[in-house]
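A look at the structure
Here are the chains, one letter per residue:
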Amino acid sequence: MARTTASGAVEAIQRQVRRVRRRQNLHELQRVVYLLSALGTGAAAALVLLALTASPRGFAHAVAVVAAVTLGVALVVVRDARRRWIPGAAAAFWIDRRGGLTGRLATLMELGGGGDANPPLLPLLVEQNVARLALWRADRLVPRRVPRAALATAAAGAALFGLVVALGPRLRPPAPEVVDGEVPGLQLERMEVTGDRVAVAPLDPDDDAAAAPGTDSDERADERSDEQSAVARLRERIRRELWGEPTRESPSRVARAPTRDAAAGDGAEDAAEEGGLEPAPSPTGRASSGDDTRSDNGRVATETRSVEDDARRLLEQPRDGDDETAAAGGAAAGAGNQPDPHLFGPPSGGAAGTSQRFALSLATHIHAGRGGPGEGAAPPSPPAAEARTDLAPGQRAEAAVPRMPVPLAYEAIVRRLFAHEGLE
Amino acid sequence: MNAAVAADAIRDFQDTFAAVRREIAKVVVGHERAIEIILTAFFAGGHVLIEGVPGIGKTLIVRSLAEALNLSFSRVQFTVDLMPADITGTRIISEGADGRREFVFVPGPVFAHVLLADEINRATPKTQSALLEAMAEQQVTVAGKTYPLAPPFFVLATLNPIEMEGTYQLPEAQLDRFLFKVLLDYPTEPELERILATTTGAELSTVTPVLPPETAASRVEQLKHLVRQVLVAPHIERYVAALVRLTATEETASRYVTYGSSPRGGQALILGAKVLALLDGRPHVAAEDVERVAPAALRHRLVLSFAAGAAGTDAEQIVARVLASARRLRP
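Residues numbered from 1 in each chain as written. Chains lettered and ligands numbered in written order. Predicted model: local features only at pLDDT ≥ 70, side-chain atom pairs only at ≥ 80, totals over all residues.

1. Focus: the overall build of chain A
Put simply, the rule reads: Here a strand is any run of E in DSSP of at least two residues, a helix any run of H or I of at least four, and the numbering for each starts at the N terminus. Any residue whose C-beta has 12 or fewer other C-beta atoms within 10 Å is treated as exposed, any with 20 or more as buried, and any in between as partly exposed, C-beta atoms being built from the backbone. Each residue gets a C-beta atom placed from its backbone, and two residues are in contact if those atoms lie within 7 Å.
Broken down by element type, chain A carries 16 helices and 5 strands. In chain A, buried positions account for 32% of the 424 residues. A separation threshold of at least 6 residues defines the contact pool for chain A, and within that pool the share at least 24 residues apart is 74%.

2. Considerations on the confidence of the model for chain A
Residues and elements named next belong to chain A. Let me state the cut-off plainly: Looking at any residue, its pLDDT shows the predictor's confidence there, from 0 to 100.
Averaged over every residue, the pLDDT of chain A is 68; the share at 70 or more is 45%. Low confidence marks residues 319–328, where pLDDT is under 50. Its contacts with residues over four positions away, or in another chain, come to 23 contacts. Ignoring residues within four places in sequence, the model shows residues 349–355, a span with pLDDT below 50, making 11 contacts including any to other chains.

3. Points about the nonpolar core
In plain terms, the rule: In plain words, the nonpolar core is the set of buried Ala, Val, Leu, Ile, Met, Phe, Trp, Tyr and Cys residues that C-beta atoms within 7 Å link up.
Counting 124 residues, the largest nonpolar core has Ile-38, Val-48, Leu-65, Phe-180, Leu-243 and Val-290 of chain B as its most contacted members. Ignoring anything within four residues of it in the chain, the contact list for Val-290 of chain B reads Ile-236, Tyr-239, Val-240, Leu-243, Leu-269, Ala-273 and Val-285 of chain B. Grouped together as the second largest cluster of nonpolar side chains are 22 residues, Leu-49, Leu-50, Phe-59 and Ala-60 of chain A included.

4. Quick look at unusual backbone geometry
Residues and elements named next belong to chain B. Residue Pro-152 is reached from Pro-151 by a cis peptide bond, and omega for that bond is -5 degrees. Assignment of secondary structure puts Pro-152 in the loop between strand S7 (145–148) and strand S8 (154–159). Here the phi dihedral of Gln-138 falls at roughly 55 degrees; this positive angle occurs in a residue that is not glycine. Its place among the elements puts Gln-138 in the loop between helix H5 (125–137) and strand S6 (139–142).

5. Describing the packing of helix H11 (residues 263–279) of chain B against helix H12 (residues 287–298) of chain B
What describes two packed helices is the angle between their axes and the distance between those same axes. Residue and element names in this part refer to chain B. Note the cut-off: For helices, the axis comes from a line fit to the C-alpha atoms of the stretch in contact; other axes are also lines fit to C-alpha atoms, and the angle between any two N-to-C directions lies between 0 and 180 degrees. Note on angle classes: values under 35 degrees are labelled roughly parallel, values over 145 roughly antiparallel, values of 65 to 115 roughly perpendicular, and the remainder oblique. Take the far helix as your reference; a near helix turned counterclockwise from it by less than a right angle gives a left-handed crossing, and one turned clockwise gives a right-handed crossing. Gly is put with the polar residues, along with every residue not named as nonpolar or charged; the nonpolar set is Ala, Val, Leu, Ile, Met, Phe, Trp, Tyr, Cys and Pro, and the charged set is Asp, Glu, Lys and Arg.
Across the interface, H11 lies against H12 with an axial gap of 8 Å and an inter-helix angle of 130 degrees. Here H11 is positioned oblique relative to H12, judged by the angle of their axes. Crossing of H11 over H12 shows right-handed handedness. Between H11 and H12, the residues in contact are Gly-265, Ala-268, Leu-269, Gly-272, Ala-273, Leu-276 and Ala-277 and Asp-289, Val-290, Arg-292, Val-293, Ala-294, Ala-297 and Leu-298, respectively. For the contact of H11 with H12, the class distribution of residues is 10 nonpolar, 2 polar and 2 charged.

6. With respect to the packing of helix H2 (residues 56–84) of chain A against helix H9 (residues 229–243) of chain A
Residues and elements named next belong to chain A. The interhelical angle for the contact between H2 and H9, taken along N-to-C directions, is 105 degrees, at an axis separation of 10 Å. When the interaxial angle is binned, H2 and H9 end up roughly perpendicular. The segment H2 lies against H9, with Pro-56, Phe-59, Ala-60 and Val-63 engaging Val-231, Ala-232 and Arg-235. Here the contact of H2 with H9 is built from residues that sort into 6 nonpolar, no polar and 1 charged.

7. Remarks on the interface of chain A and chain B
Each partner contributes residues to the interface: chain A has 18 residues there, and chain B has 18 residues. Secondary-structure elements contributing two or more residues to the side of chain A that touches chain B are helix H4 (104–111) and helix H5 (122–131) of chain A. When the residues that make up the side of chain A that touches chain B are grouped by side-chain class, the tally is 12 nonpolar, 3 polar and 3 charged.

8. A look at the environment of Arg-33 of chain B
Examined against the element boundaries, Arg-33 of chain B turns out to sit in helix H2 (residues 32–44). Note on Arg-33 of chain B: 13 C-beta atoms within 10 Å, which makes it partly exposed.

9. Quick word on the pairing of S7 of chain B
Residue and element names in this part refer to chain B. Threshold: In short, DSSP must find at least two bridges between two strands for them to pair.
One ladder, built from 4 bridges, connects S6 with S7; its direction is antiparallel. Counted as the bridge partner of Val-142 is Lys-145 from S7. Between S6 and S7, which follow one another and run antiparallel, lie 2 residues, and Ala-143 among them has a positive phi close to 55 degrees.

10. A look at H12 of chain B
Residues and elements named next belong to chain B. We count it as follows: The span one expects for a helix is its residue count, reduced by one, times 1.5 Å.
Spanning 12 residues, H12 covers 16 Å between terminal C-alpha atoms, matching the ideal 16 Å at 1.5 Å per step. If you check which residues of H12 are buried, you get Ala-287, Asp-289, Val-290, Val-293, Ala-294, Ala-296, Ala-297 and Leu-298. Looking at the packing, one finds that the buried side of H12 touches H2, strand S9 (180–183), helix H9 (234–249), H11 and helix H14 (315–327).

11. A closer look at H2 of chain B
Residue and element names in this part refer to chain B. An ideal rise of 1.5 Å per residue puts 18 Å on 13 residues; H2 measures up with 18 Å between its terminal C-alpha atoms. For H2, the tally of buried residues reaches 10 of 13 residues, placing the bulk of the element in the interior. Within the span of H2, buried status applies to Ala-34, Ile-35, Ile-37, Ile-38, Leu-39, Thr-40, Ala-41, Phe-42, Phe-43 and Ala-44. With its phi angle positive at about 85 degrees, Gly-45 sits one or two positions after the end of H2.

12. Re the sheet that holds strand S1 (residues 48–51) of chain B
Residue and element names in this part refer to chain B. With parallel pairing, 5 strands are arranged side by side in an open sheet as S2-S5-S8-S1-S9. This sheet does not close on itself; its edge strands, each paired only once, are strand S2 (73–77) and S9. Averaged over all pairs of adjacent strands, the angle between strand axes in this sheet comes to 20 degrees, irrespective of strand direction. In terms of strand pairing, S1 meets S8 through 4 bridges, oriented parallel. The residue bridging Glu-51 from the neighbouring strand is Leu-159, located in S8.

13. Thoughts on the environment of Ala-294 of chain B
Residues and elements named next belong to chain B. Counting through the fold element by element, Ala-294 comes out in helix H12. Judged by the 25 C-beta atoms lying within 10 Å of it, Ala-294 falls in the buried class. Residues Ala-294 and Glu-316, 22 residues apart in the sequence, show an inter-C-alpha distance of 10.0 Å. Setting aside residues up to four positions removed in sequence, Ala-294 forms contacts with Leu-243, Leu-269, Val-319 and Leu-323.

Structure (structure tokens):
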């Protein structure tokens, strides 16, 4: 009779153990879900904020950092949850510790499971456990069904994300001022290239970035572009979602600056990106654009085709150095301060829509040394007999620059600008 | 045994233990922890090795314990010329009433409930070993005849740590037979004042027996039996086994300990823990009980290496490290 009572008591205790375990594990599961949710929304908020404010390179680095931190914290959270999770075999020990039962419950669960042996002190152990049932009720050991702190963290994460999304459009900076290096009267070298000003000018052939297509710097740039294309797409998408479809710079904002052979290069690109200048949509991008931009895009495509046709036509004309004037020792076509009428070579075709840069082929030879009209056509004079060529081994010989890589963002502007100057 | 009877038995044990403690405390000032460990070993059925400088109450504690429990007590002062027969007893030729002479066994001092082996390390190993059989099997064999010792049988041996000249190191096998080793410290200043006051006055404190003389031995055996019935869950056994293993494999132990604890160390841990569980009113052993008795149960079972001596590390520190490591294994 006493044994039946004891076994009934043990079953009641086991039921309570299961209840406590269920409640604790559910609590823990919620905690993990809330914390991971908070982590996800926090990371998303950080990414959105960075996409709107950081440069492409900075955003790529930030994505890596945010991903690493998020992954690390998630691992810690999951590991902590695994540690807190109560498996069936450990439930009695956990309750024992939390309830201050000094091993009573754990001992009973291990010894009171049955068996032929009937230890003399076991009934007392059962009785002591029954007397302490109230000490470790499920609602006492796990007072709250919902982990409030974790829930608050999740809510805070969601609120932060919402705040960033809501305030995102306000972070859009004004379009930068575009300065053209072809206009006399201004000293472009003395002008500070900042986030709100972009200098556009023919590339200096001495600049490494101005190397011919197929050189190492271009290949490296392409590889880097491929690697970061996913991150760049993410950034573009975030910007597009929050700031809407990109708009092109109005021609009225293009200011004029004195002639300068050097372009701002990558610094200008970053400055433009940081300043919020949106790239003109590529032909493929235009195809997928919204209705609002269709007419505008069509106009740009028409302009581009017109420029390319003109360039092809010009290429068929005699080139610099080929014409009779140059052969006679006179100034070549395009020499002096007049634009070369054969400026355009064949366009780079589909590259404009698929790369971060596009190459506008130039039919004329642009030389590093801006000398007189005859310098471009005349072959370099042989070194003097007493000259020591080994003193300047790194000096580069003058070379023609048939192509000029330009950031994709400025494709429309540059095409339009050069088309205007070249056909004038 | 139903729950109520078990609860009464545990309460009786607690009362008896507390009463004996109280009686001993009348004449022994301080040493509360040492007395608790000695009483724990007594009710666990083990023997105790006490280490302490002369004059701090070792003999007084043992004598008071015997008096409080109303058990027979004998004391042997171990010296270098002490022979085994001086402890176990010997056969002598005795002349009967009819004039016939025959060998008669005269029991030695080991035939007592409580035996104090004072300065046990002064006797030769041969004499020390005479106690082995008595301590382990509660019997002695003299001239081929075995004589059982009346239970309860409790040996308290003392060691003098400062006079090492002319002493014999206790063999490891004999050390292992002591359930606990107790270190008696110097009394504190207030305790010393109380000692002076209680031992130099006109009226000396005396111990009042807690148990009646005719039933004392059986009552003690009854209480010892109750100790054996205390529940030990498998997770506690696993914990004790891990603890014992760690005395050889733990990082510090593996560096400074040549030989770790024997399985007897595990037995001592569980038996001592059972007594502490009863004192706490529990019918089962908890891990905390094991940890409380661990220093006393393990410190004399570790054979330290030369490196330990060179590094100034003693068994106490190693046991503390082992306990810290073992706590991580607690379920």
